Amino acid sequence: MKKIIHNSWQEVLEEEFQQPYYLELREFLKQEYRTQKIYPDMFHIFEALEKTPYEKVKIVILGQDPYHGPNQAHGLSFSVQPGVRIPPSLKNIYKELQEDLGIPPVDHGYLTSWAEQGVLLLNTVLTVREGQAYSHRGKGWEQLTDTIIQKLNDRPDPVVFILWGKPAQQKIAMIDTNKHVIIRSVHPSPLSAHRGFFGSRPFSQANQALLSMGKEPINWQLPTKV
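The paragraphs below set out a description of the structure included in this document. What you see is a predicted model; the values in this text were computed from it and never measured. (Residues numbered from 1 in each chain as written. Predicted model: local features only at pLDDT ≥ 70, side-chain atom pairs only at ≥ 80, totals over all residues. Heavy atoms only, no water.)

### A word on the packing of aromatic side chains
Definition in use: When the centres of two rings from Phe, Tyr and Trp lie within 6.5 Å, Trp using its six-membered ring, the rings pair. Their planes under 30 degrees apart give stacked, over 60 give edge-to-face, and anything left gives tilted. Helix and strand labels come from DSSP, where a helix needs a run of H or I of at least four residues and a strand needs a run of E of at least two; each type is numbered from the N terminus. The rule is simple: take the accessible area with a 1.4 Å probe, protein chains only, and divide by the maximum for that residue type; under 20% is buried, over 50% is exposed, in between is partly exposed.
All chains considered together, the criterion is met by ten aromatic pairs. With a centroid separation of 5.1 Å and an interplanar angle of 75 degrees, the aromatic rings of Trp-9 and Tyr-54 are classed as edge-to-face. Placement of the pair is Trp-9 in helix α1 (residues 9-13) and Tyr-54 in the loop between α3 (47-51) and β2 (59-63), with a sequence separation of 45 residues. Like Tyr-54, Trp-9 is buried.

### Some words on helix α2 (residues 20-35)
Formally: Each helix should span, by expectation, one fewer than its residue count multiplied by 1.5 Å. In this context, the arc is that of the directions from the helix axis out to the C-beta atoms. Contacts between residues were defined by any pair of non-hydrogen atoms, one from each residue, lying within 4.5 Å.
Under the 1.5 Å per step criterion, the end-to-end length of α2 is 23 Å for 16 residues, consistent within 8% with the ideal 22 Å. Along α2, the residues that are buried comprise Tyr-21, Tyr-22, Leu-25, Leu-29, Glu-32 and Tyr-33. For α2, the angular spread of buried residues about the axis comes to 100 degrees, placing them on one side. In this structure, α2 carries Pro-20, Glu-24 and Arg-34 as exposed residues pointing more than 90 degrees from its buried face. Here the buried face of α2 lies against β1 (38-39), β4 (128-129) and α6 (141-154).

### Some details on the nonpolar core
In plain terms, the rule: Among buried residues, the Ala, Val, Leu, Ile, Met, Phe, Trp, Tyr and Cys ones that are joined through side-chain atoms within 4.5 Å form a nonpolar core.
Trp-9, Phe-46, Ile-59, Leu-120 and Trp-220 are the most contacted members of the largest nonpolar core, which totals 71 residues. Dropping the residues within four chain positions of it, Phe-46 is found in contact with Ile-4, Ile-5, Phe-17, Tyr-22, Leu-126, Trp-141 and Leu-144.

### Here we look at the side chain of Gln-10
Where we set the bar: Whenever two N or O atoms come within 3.5 Å, that pair is a polar contact, provided that in protein one can donate a hydrogen and the other can accept it, and provided that, for residues adjacent in sequence, both atoms are side-chain atoms.
Relative to the helices and strands, Gln-10 resides in helix α1. By relative accessible area, which is 4% here, Gln-10 ends up buried. Polar side-chain contacts of Gln-10 include one of 2.8 Å to the backbone nitrogen of Ile-5.

### Comments concerning the pairing of strand β5 (residues 160-164)
Going by this rule: When DSSP finds two or more bridges between a pair of strands, those strands are recorded as paired.
Among the five residues of β5, five are classified as buried, and the element is accordingly described as predominantly covered. By the alternation rule, side chains of β5 split into Val-160, Ile-162 and Trp-164 and Phe-161 and Leu-163, which are all buried. The pairing of β2 with β5 spans four bridges and is parallel. Among the inter-strand pairings, Leu-62 is bridged to a residue of β5, identified as Leu-163.

### Quick notes on helix α4 (residues 88-101)
The end-to-end C-alpha separation of α4 is 20 Å, in line with the 20 Å expected for 14 residues at 1.5 Å each. Within the sequence span of α4, burial applies to Ser-89, Leu-90, Asn-92, Ile-93, Tyr-94, Glu-96, Leu-97 and Asp-100. Buried residues along α4 sit in contact with α5 (112-116), β5 and α8 (202-212). The positive-phi residue at the C-terminal boundary of α4 is Gly-102, with phi of around 70 degrees.

Shown next as structure tokens:
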């Protein structure tokens, strides 16, 4: 079978890629990419998994679906490509990061260095039509991303799940809270950030959890140049 992901996730998800729902999703996407403007480009759909192999995942930050504006999405939740204006939710994430750990915001929104340290920046839906938020909802992505969470849940090695907002928190039912750590708050979007995202200190909490597991904490300071 042709490799879809070029690391350990390929083996972990091999059976899933042969399920009828996934084959239907593939056909749907082929048609969409042919006839519509879809984000991210097809080479970056699985970027979150490519950048953070299964056994390297320390933290999961769950987003909803990709940004739907030009040149923004590149397959990592909350992250945008270099040179693109920082979206409002990410601005709030940076604000909380400064409040929590004293790390000043950088002037880009490219979060790859987090992914490379073991932060799986996963959306629940991995593609979107230009200008149409959540337009690929209910096409099969949710089933695949639920499986990804289940596979991490099954891992003997514990994971820290950072769940912002209701859709992300619906995944708690799939997570063994005796083994894994869950950090939750409202979503960092401007609509809700003031209702409990600010002051929630997710970054220091996550690092404390990693230290208690005997793991190296994340360096949340992003490089100033990308």
